[in-house]
Every structure is written in structure tokens, then in C-alpha cells.
Amino acid sequence: MLQTTFVMAGNPIKLLKKVGTFIDSAAVKGVDRRYIDAPKEPWQIMLKGNVNQSDLKMAAEDRDEFLSLSAEPRLKTKPSSYAGVWAGYRGYGIGYSVNVGGDKGSYFTFGAMGGAYGVNVRIHNFENSNPNLRFSAEVMGDKEDIIHEKVQLGKPIKCHTVIADGYYLFNGKHFSYAAAYDQSVIQKRSAGSLMAGAMYFYGRTDYAAHRNADIIDLMNGLGAIKLWQASVGMGYAYNWVPAKGLLISVMAMPMLTFVNKMRIYNYSTNIDELWGPYMNSEDNNMDGEAVEQALYPLYRINKLGADTYNGGLAINFDARLSLTYNFGRYFFNAYGQFSNFRYHQEDFHGYLNDWFVNASLGIRL
């Protein structure tokens, strides 16, 4: 009985060893060791710092023959700082970072990189209470801003994004993407490669709360939006090794978005009911700010339903830049990425620009 238990307990260990052996061999399989080398230490442990900024613009229009009203809440966050750790084995790893400055939020990342392929997943949650609001009116073609300033929301706008991307290298023999982005291998000589890529994006923006009834009213009842996009593209990446241990990597990839789905959540409000008596009053001595303070606790919204739209083909762009320096078992890396996602429907349109810069100090074990 004791012997049987030992054998069963040993099986997972044997399995892990087999998996480790497979990953070790896959890291250098088919590569030219004059260009790419795998360190003998298989583990990478990193302390990471991150600076991120998201720029979300939404626009809603209400038009008739003579008058056009448009509201353009634009949530452009302050650059936010995150700190965290990342651990991986030969390019397969996970990381988690928490907010230490700027808007409240968190990051979770997962990466898997082989000799000629790679997959990365980035999950970002954040919220903001001070969007820049632009509200304009257009009469007979003459457009004028009524409001164009930062506003204080009663409840913050909450955002959740998931970006997953994968790639395949056509010159995996001489070029390594992992050398620039997780340091599981080392690029010894300069080389470039054409690459095919795919990207999935999911975004949710929600500010549906009673205290935000006035903003929802300006947005023609739009209180939340979800986006799904899937894209494919072809690009080029180049690893430049100007000196031993130093690597500068650049990548640019235009992408065709063939899945572009949007779901908008509609709400009714009691803003007109509350403000109607005040707006129609002939008493010019009424203090608008005082009225607002009195009515604010009475703001209410009511969910009406959701509409789903399928957008057409669109062009997005993915670009990255990385700097790596290896010294013994230690390494330093800094890299940035910029992504752009757009959506459009007859009455609603907008975009999300997302960029981040990572800096990490790591050791191989």
C-alpha cells in the first residue's frame, strides 16, 4: 500500500520533469545558436514597474433638420503607475501589478513564448471620476461648444479591458521575440523577421448609476458599452544588437479588424422631470447651483434594454519598442506598446487609445 502511494505521488513529478524537458528543447529547437542562445538558468524572476494611460472617447449625437446636439465624454486618465512581480520558466509565466499612483486599477499578465510563436494576455481594470466632457450644439451647420471641461461624476466610470495577442515568426531561426520581451533567451546578433499576428480585444465601460443621471441624459440614454474586436495582421520586427548584452527591438503591425461588435445599454432618467419646473420658471432669482444641490439626491435612472451592432471592417495598428541589457544572470528591460481600437454606429462612435511602458529588473535562476 505504501509503495503504491509513493508511485502515485511520483507521477506528477515525472510529468513536470517531462514538461520542463519539452519546454527546454522547444526554446532552442530549430534556432541558429550563433544568433540565439538559451541561458542555462531556466527561471526568470522580475520586479516590474509600469506606467499606463488610456484615452477613451465616446460620442453620441441627436440630430433633426435644423439642430444637432452632441455629447463627447472623453475619459483620458492621468498616467498611472503600477508595481508588481513576474515569474516565468523559459518564457512561460504570469505577473500581477497593483496601482501605486494615478487612477485606481490593477494589471494581470500572462505570457507564453516559444522559438517562433508567442501568446500574451493583459487584463486591466481601472476607474476614473473626472472625465473631460464636451457638449456642443450645431445649428444650420454652425457648431459651438456649450461645455468643454472636466466634470466630477457622482460615481466613477469603471473600465475593464482584455487584450490578447499572438504571433508567428517567419524567421524564428535567427530572430527571437522572447529575447526582447521576457528575456528567456538572448539575441546575440542582429536579425529581423516578418511576422503574422492576431489580436482579441474586449472592453467594458460602465457609468450607469443614479448619481450619473445627468451625464447619461446628455449621452441620449447611453450608460454602458461593451466592445468585442478580433484582428489579424502582418508586420515586421527587428532586433538590433549594437554591443554585447544590449538589444534594441522594434515592431510595427497594421491589423485588419474583421470582428467589430458593440453592445450599448440604454437608460431613461428623470432629469427632464426634475429640471423642467426650474427651466420653465420665470423667476430669474433662482440659484442654479442651489437647485442642482437640492435635486441631485433625487436623480434616478432606469434600464431600458440593450442593442447590439456589428460594425464593418476597420484598420487598427499595433506598435512596440523594447530595450534590454543582459549582464551575467541579471538583466534590465524597458518596453512600450501602443494600441488603437475604434468603433462606429449611426449615433455612437469613439475610440480607445491604450499605451503603456514597462520597466523591469530580473534575475535568472
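Refer to the structure above for everything that follows.
Given the structure is predicted, the values throughout are model-derived calculations rather than measurements.

Calculation criteria
- Residues numbered from 1 in each chain as written.
- Predicted model: local features only at pLDDT ≥ 70, side-chain atom pairs only at ≥ 80, totals over all residues.
- Heavy atoms only, no water.
- Helix = DSSP H or I, 4+ residues; strand = E, 2+ residues; numbered from the N terminus.
- Contact = heavy atoms within 4.5 Å.
- Patch = residues over 30% accessible without salt bridge, like charges linked within 9 Å, V, L, I, M, F, W, Y side chains within 5 Å.
- Areas by Shrake-Rupley, 256 points an atom, 1.4 Å probe, with all protein chains shown as cover.
- Salt bridge = Lys/Arg side-chain N within 4 Å of Asp/Glu carboxyl O.
- Pairing = 2+ DSSP bridges.
- Phe/Tyr/Trp six-rings, centres within 6.5 Å; stacked < 30°, edge-to-face > 60°.
- Buried < 20%, exposed > 50% of the residue type's maximum accessible area, 1.4 Å probe, protein only.
- Core = buried A, V, L, I, M, F, W, Y, C linked by side-chain atoms within 4.5 Å.
- Polar contact = N/O pair within 3.5 Å; in protein donor to acceptor, adjacent residues only side chain to side chain.

*Asks:* Explanation requested: the overall build of the protein chain in the structure shown.
*Replies:* Within the protein chain, the regular secondary structure consists of 5 helices and 18 strands. Once local pairs closer than 6 in sequence are excluded, the contacts in the protein chain between residues at least 24 apart make up 70%.

*Asks:* How should a nonpolar patch on the surface be read in this particular structure?
*Replies:* A surface patch of nonpolar side chains, about 1,000 Å² in accessible area, is lined by Y117, Y168, F170, L194, M234, Y236, Y238, W240, V250 and L321. Among the elements that take part in the nonpolar patch, strand 13 (residues 222-243) stands out by supplying 4 residues, more than any other. Here F170 is to be found in the loop between strand 10 (157-169) and helix 2 (178-181).

*Asks:* Please clarify how the pairing of strand 10 should be interpreted in this entry.
*Replies:* Along any regular strand, the residues point their side chains to alternate faces of the sheet. Bridge analysis of strand 7 (residues 117-128) against strand 10 gives 12 bridges, and the strand direction is antiparallel. Among the inter-strand pairings, H124 is bridged to a residue of strand 10, identified as T161. Alignment of strand 10 against strand 12 (residues 191-206), held across 12 bridges, turns out to be antiparallel. Looking at strand 12, one finds that C159 is bridged to T205.

*Asks:* In this structure, what is going on with the packing of aromatic side chains? I would like to understand it.
*Replies:* One pass over the structure, following the stated rule, counts 11 aromatic pairs. Relative to Y335, the ring of Y181 has its centre 5.1 Å away and its plane inclined at 85 degrees; by these criteria the two rings are edge-to-face. Within this pair, whereas Y181 is found in helix 2, its partner Y335 is found in strand 17 (residues 330-344), the two being separated by 154 residues in sequence. For the pair formed by Y181 and Y335, the shared burial category is buried. Between Y335 and F356, the ring centres sit 5.8 Å apart and the planes meet at 80 degrees, which makes this aromatic pair edge-to-face. In this pair, Y335 is assigned in strand 17 and F356 in strand 18 (residues 348-364), connecting sequence segments 21 residues apart.

*Asks:* I keep staring at the nonpolar core and nothing clicks. Help me out?
*Replies:* Here is a general trend for soluble globular proteins: nonpolar side chains tend to be buried in one another's company. In terms of nonpolar packing, the biggest core is built from 60 residues, with M58, Y177, M195, Y207, I225, W275 and Y299 touching the most fellow members. Among the elements that make up this core, the one with the highest residue count is strand 14 (residues 246-269) (8 residues). If near-sequence neighbours (up to four positions away) are discounted, Y207 is found in contact with M58, I157, N212, I215, I216, M219, L222 and G223.

*Asks:* Explain unusual backbone geometry here, please?
*Replies:* Most peptide bonds take the trans configuration, and most residues that are not glycine carry a negative phi. Notably, R90 is not glycine yet its phi reads approximately 50 degrees, a positive angle. Its location among the elements puts R90 in the loop between strand 4 (80-89) and strand 5 (92-101). Of note in the backbone geometry, Q183 takes a positive phi value of approximately 60 degrees without being a glycine.

*Asks:* Hey, could you run me through the side chain of D182 in this one?
*Replies:* Inspection of the secondary structure assignment puts D182 in the loop between helix 2 and strand 11 (186-187). Here S184 takes part through its side chain, which lies 2.8 Å from a polar atom of the side chain of D182. Those residues in contact with D182 that sit more than four places away from it in its chain are Q44, M46, W86, G91 and M113.

*Asks:* Can you walk me through the pattern of salt bridges in this structure?
*Replies:* Close approach of charged atoms allows side chains with opposite charge to pair. Tallied over the entire structure, the rule returns 4 salt bridges. The salt bridge involving R320 is made with D165; its shortest N-O contact spans 3.0 Å. Residue R320 is located in strand 16 (residues 314-327), and its partner D165 is located in strand 10; the two are separated by 155 residues in the primary sequence. By relative accessible area, R320 is classed as buried at 9%. For D165, a relative accessible area of 9% gives the class buried. Among the charged side chains, a network of salt bridges with common partners joins D165, D318 and R320.

*Asks:* Explanation requested: the environment of S339 in the structure shown.
*Replies:* With respect to the element layout, S339 can be found in strand 17. In sequence terms S339 and W355 are 16 residues apart; their C-alpha atoms lie 6.3 Å from each other. Discounting chain neighbours no more than four positions away, the residues touching S339 are F317, D318, L352, N353 and D354.

*Asks:* Looking at this model, I keep getting lost on the environment of G93. Mind explaining?
*Replies:* For G93, the location among the structural elements is in strand 5. Exposure remark for G93: the relative accessible area of 5% places this residue in the buried category. Distance from G93 to G111, taken between C-alpha atoms, is 5.5 Å for residues 18 residues apart in sequence. Apart from the residues lying within four places of it in its own chain, the contact partners of G93 are W86, A87, G88, T109, F110 and G111.

*Asks:* Explain the environment of E127 to me, please; I cannot follow it from the model alone.
*Replies:* Relative to the helices and strands, E127 resides in strand 7. Sequence separation between E127 and G105 is 22 residues, and the spatial gap between their C-alpha atoms is 6.7 Å. The contact partners of E127, leaving out residues within four places of it in the chain, are D103, K104, P156, I157 and K158.

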